[in-house]
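Below, each chain spelled out in residue letters.
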Amino acid sequence: MRQKFGSFAPCASAAGAACWLAWIMVVYSGDSFLAAPKEAYDASSSAFILSTFALSVGLIVAACFPRQASRLVRSTRGLIAASCVGGVASVAASLSSSMLPLFVASTVLTGLTTAVIALRCAEWTANLDIKDAVLGMFIALVVSVMAYGTISLARIHLGAWFSIVSLGLLVPASAVLLIAGDIEEDEFDPSLSLPRSFWRLVAFLAILFFALCSVRGYYPNATDVGSFAVSRTIVGLILIAIGIVGMMAIVLVPRKTSYGSLFYGMLIVATLSVALVPVLGFSSLGAGVLGSISFGVSMITGWAWLSRVAYRSGAPVVRVFGFGFGFNCLTATAGFVLGARLYAVGSETSVAMVGYALVTACLVAALVLLRKEDMANVVVPVELGESGTPDGERAEGEQPASTCDGSPEQAAGRQDSAPAPTDDKADALPASTGKPQFKIKCQLIAEEHGLSSREAEVFLLLARGRDAQAVAEELFISFNTARTHIRHVYTKLDVHSRHELMDLVNNSKLELLE
């Protein structure tokens, strides 16, 4: 069952995600390297390129093998082992910046192992409804920035060793908290694929991340140590403010609020911010701050959107985030490399030309790839045809065609909310679905067939004509979890279709059940 904030599990998961984000901030800021500030930043830049590339490869490979990857991500031993290896590799990378082979091996291993942590965080947010998912991410953002600030201040007084020790502990702490948070173990449906609208948005985010990370790769090289430290402080304070305002807004809006327009607006703002970078200048403080803030906001928006895709589509979480987040990390790495190379070239003309080219690419991508309706329509599952390609896309709320009504698995996965045929009385809903007697009848049927309390709730909703998606929404569980419960209900009731379930309810006499 999906849990709301206020109970221990989701709060522990949010704290685990915060530890992971704080680890990212520490390792890529250069604070954990035993070197002069400039050399430390050069080492952290190399670590970012190598580990993020390894992270993206790990995520994409996991997306190609979702069953095996999900078993690893959901395994307590696997998660603890990966986190410990990641923590040790992080410390090794910090201490071996002058020893190239060890440094490369450590940073690559860090990226691969933290891919497991990233997917576990994805499993957490994907099992929340959109309001709690966004709220959880804002909480994790604020806590992580504050934790990073605390570690940075402590480093000033206690030395770089404090940052190194913190770095080694943050990843295992993240794993322990995510395990304490617990997640639903949903079943996969291999007949579901990701629609073309999903790939359009992934392509847009990839272009946007490429542009933003080119700024992040160029600016620190072109500025002095003091200005870079000031920009980091400004970025941290602004991110905390954004997180607090975001939490307040999420708490105040109704739970049923559509977030499609909000996501669309945030991505449009991030796109327009790219257009300001050439005006401000790549090496200016404003460009550095704007690039980092826009990147952070885009990451939150993209993660929340991917969570919604996984929550409602029924596709494996590992596949959704592996492809979606993996490709975006890959283009972010390429953008960072481009920014660093631009500084090495040193030509202002080249920098200006590339800057305006990136602005043009982002604006064209926003016009061609970023569609407001996709922010909602992408969450609808697509059935694979016999050829293995998507049969087509459906608008949000449109029901997929029923291809069969034989097995519990098929009946659980399809949408049955279309009006029942008028010439088949057995398929009609009982006239008294809203009366207490009907609820009592369903409870007695559930007890007679040994349904659990959650399965009884699902059975009652099915008897009232709800489809799998409606069951997920009303019980605040993921789409996959709803289908799993529906399969169990069908099996225990010994029915194989909605038709037979309605027959069972209609033909059962309350007096005989009592």
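Owing to the predicted nature of the structure, the values given are computational and were not obtained by experimental measurement.

**Points about the overall build of the chain**
Helix and strand content of the chain: 21 helices and 2 strands. Out of the 514 residues in the chain, the part that is buried amounts to 54%. About 21,500 Å² of surface is accessible on the chain, with carbon and sulfur atoms providing 66% of the total.

**Observations concerning the pattern of salt bridges**
Taken as a whole and assessed by the stated rule, the structure comprises 4 salt bridges. Between Glu123 and Arg74 there is a salt bridge, and its shortest N-O distance comes to 3.4 Å. Taken together, the residues span a long stretch of sequence, with Glu123 in helix α5 (residues 100–126) and Arg74 in helix α3 (residues 66–74) at a distance of 49 residues. Residue classification places Glu123 among the buried residues on the basis of a relative accessible area of 1%.

**Side note on the packing of helix α4 (residues 76–95) against α5**
Two elements in contact, α4 and α5, have axes whose closest approach is 8 Å; the angle formed by their N-to-C orientations is 145°. The way α4 lies across α5 gives a crossing that is left-handed. Together, Leu79, Ala82, Ser83, Val85, Gly86, Ala89, Ser90, Ala92 and Ala93 of α4 and Phe103, Ser106, Thr107, Leu109, Thr110, Thr113, Val116, Ile117 and Arg120 of α5 make up the contact between the two elements.

**Things to note about the environment of Gly246**
Within the element layout of this structure, Gly246 appears in helix α9 (residues 225–252). When the C-alpha atoms of Gly246 and Ile139 are compared, they prove to be 9.1 Å apart, with 107 residues separating the residues in sequence.

**Details of α5**
The terminal C-alpha atoms of α5, which comprises 27 residues, lie 38 Å apart, in line with the 39 Å expected from a rise of 1.5 Å per residue. Within α5, 19 of the 27 residues are buried, which leaves it mostly tucked inside the rest of the structure.

**Some words on the packing of aromatic side chains**
Counting across every chain of the model gives 11 aromatic pairs. Relative to Trp305, the ring of Phe198 lies with its centre 5.7 Å away and its plane at 20°, an arrangement referred to as stacked. Of this pair, Phe198 sits in helix α8 (residues 196–222) while Trp305 sits in helix α11 (residues 285–313), and the two are 107 residues apart along the sequence. Judged on exposure class, the residue Phe198 and its partner Trp305 are both buried. By way of ring pairs, the aromatic residues Phe198, Trp199, Trp305, Phe323 and Phe327 are connected into one cluster.

**Here we look at unusual backbone geometry**
Its identity as a non-glycine residue notwithstanding, Asp494 has a phi of 60°, on the positive side. Take Asp494: it is sitting in the loop between α19 (479–493) and α20 (498–507).

**Some remarks on a nonpolar patch on the surface**
A cluster of nonpolar side chains, Phe53, Val57, Val61 and Phe65, forms an exposed patch at the surface whose accessible area comes to about 360 Å². Locating Val57 in the fold gives a position in helix α2 (residues 37–64). Looking at Val57, the relative accessible area reads 34%, which means it is partly exposed.

**Focus on the packing of helix α17 (residues 453–463) against helix α18 (residues 468–475)**
Relative orientation and spacing of two packed helices are given, respectively, by the angle between their axes and the distance between those axes. Remark: α17 packs on α18, axes separated minimally by 10 Å, with the N-to-C direction vectors making an angle of 130°. Between α17 and α18, the interaxial angle falls into the category oblique. Between α17 and α18 lies a crossing whose hand is right-handed. Touching Arg454, Glu457, Val458, Leu461 and Leu462 of α17 are Val471, Glu474 and Leu475, all from α18.

**Comments concerning α17**
Along α17, 8 of the 11 residues are buried, which leaves the element largely enclosed by surrounding structure. Residues Arg454, Glu455, Val458, Phe459, Leu460, Leu461, Leu462 and Ala463 constitute the buried set of α17. Remark: Gly465 follows α17 within two positions and exhibits a positive phi of approximately 95°.

**As for the nonpolar core**
If you look at the biggest cluster of nonpolar residues, it comprises 96 residues, and the most contacted ones within it are Phe204, Trp305, Val320 and Phe321. Counting residues per element, this core draws most heavily on helix α6 (residues 130–158), at 12 residues. Core analysis: the next-biggest nonpolar cluster, separate from the first, contains 26 residues, Leu460, Leu461, Val495 and Val505 among them.

**With respect to the state of the cysteines**
With the rule as written, the count across this model stands at 0 disulfides. Cys19 forms no disulfide, and the closest cysteine sulfur to it belongs to Cys121, at a distance of 9.7 Å. The exposure class of Cys19 is buried, given its relative accessible area of 16%.

**A closer look at the confidence of the model for the chain**
The predicted model of the chain averages 78 in pLDDT, with 79% of residues at 70 or higher. At the low end of the mean pLDDT range in the chain sits strand β2 (residues 382–383), at 38; at the high end sits helix α12 (residues 317–345), at 90. Residue range residues 1–6 is modelled with pLDDT below 50. Its contacts to residues more than four positions away, or to other chains, number 30 contacts. For residues 379–431, every residue scores under 50 in pLDDT, and the model assigns this stretch 101 contacts once sequence neighbours within four places are set aside.

Cut-offs and rules
- Residues numbered from 1 in each chain as written.
- Predicted model: local features only at pLDDT ≥ 70, side-chain atom pairs only at ≥ 80, totals over all residues.
- Heavy atoms only, no water.
- Helix = DSSP H or I, 4+ residues; strand = E, 2+ residues; numbered from the N terminus.
- Buried < 20%, exposed > 50% of the residue type's maximum accessible area, 1.4 Å probe, protein only.
- Areas by Shrake-Rupley, 256 points an atom, 1.4 Å probe, with all protein chains shown as cover.
- Salt bridge = Lys/Arg side-chain N within 4 Å of Asp/Glu carboxyl O.
- Axes fitted to C-alpha atoms, helices over the stretch in contact; angles between N-to-C directions.
- Left-handed = near helix turned anticlockwise from the far one by under 90°.
- Contact = heavy atoms within 4.5 Å.
- Expected span 1.5 Å × (residues − 1).
- Phe/Tyr/Trp six-rings, centres within 6.5 Å; stacked < 30°, edge-to-face > 60°.
- Patch = residues over 30% accessible without salt bridge, like charges linked within 9 Å, V, L, I, M, F, W, Y side chains within 5 Å.
- Parallel < 35°, antiparallel > 145°, perpendicular 65-115°, else oblique.
- Core = buried A, V, L, I, M, F, W, Y, C linked by side-chain atoms within 4.5 Å.
- Disulfide = S-S within 2.5 Å.
- pLDDT = per-residue confidence, 0-100.

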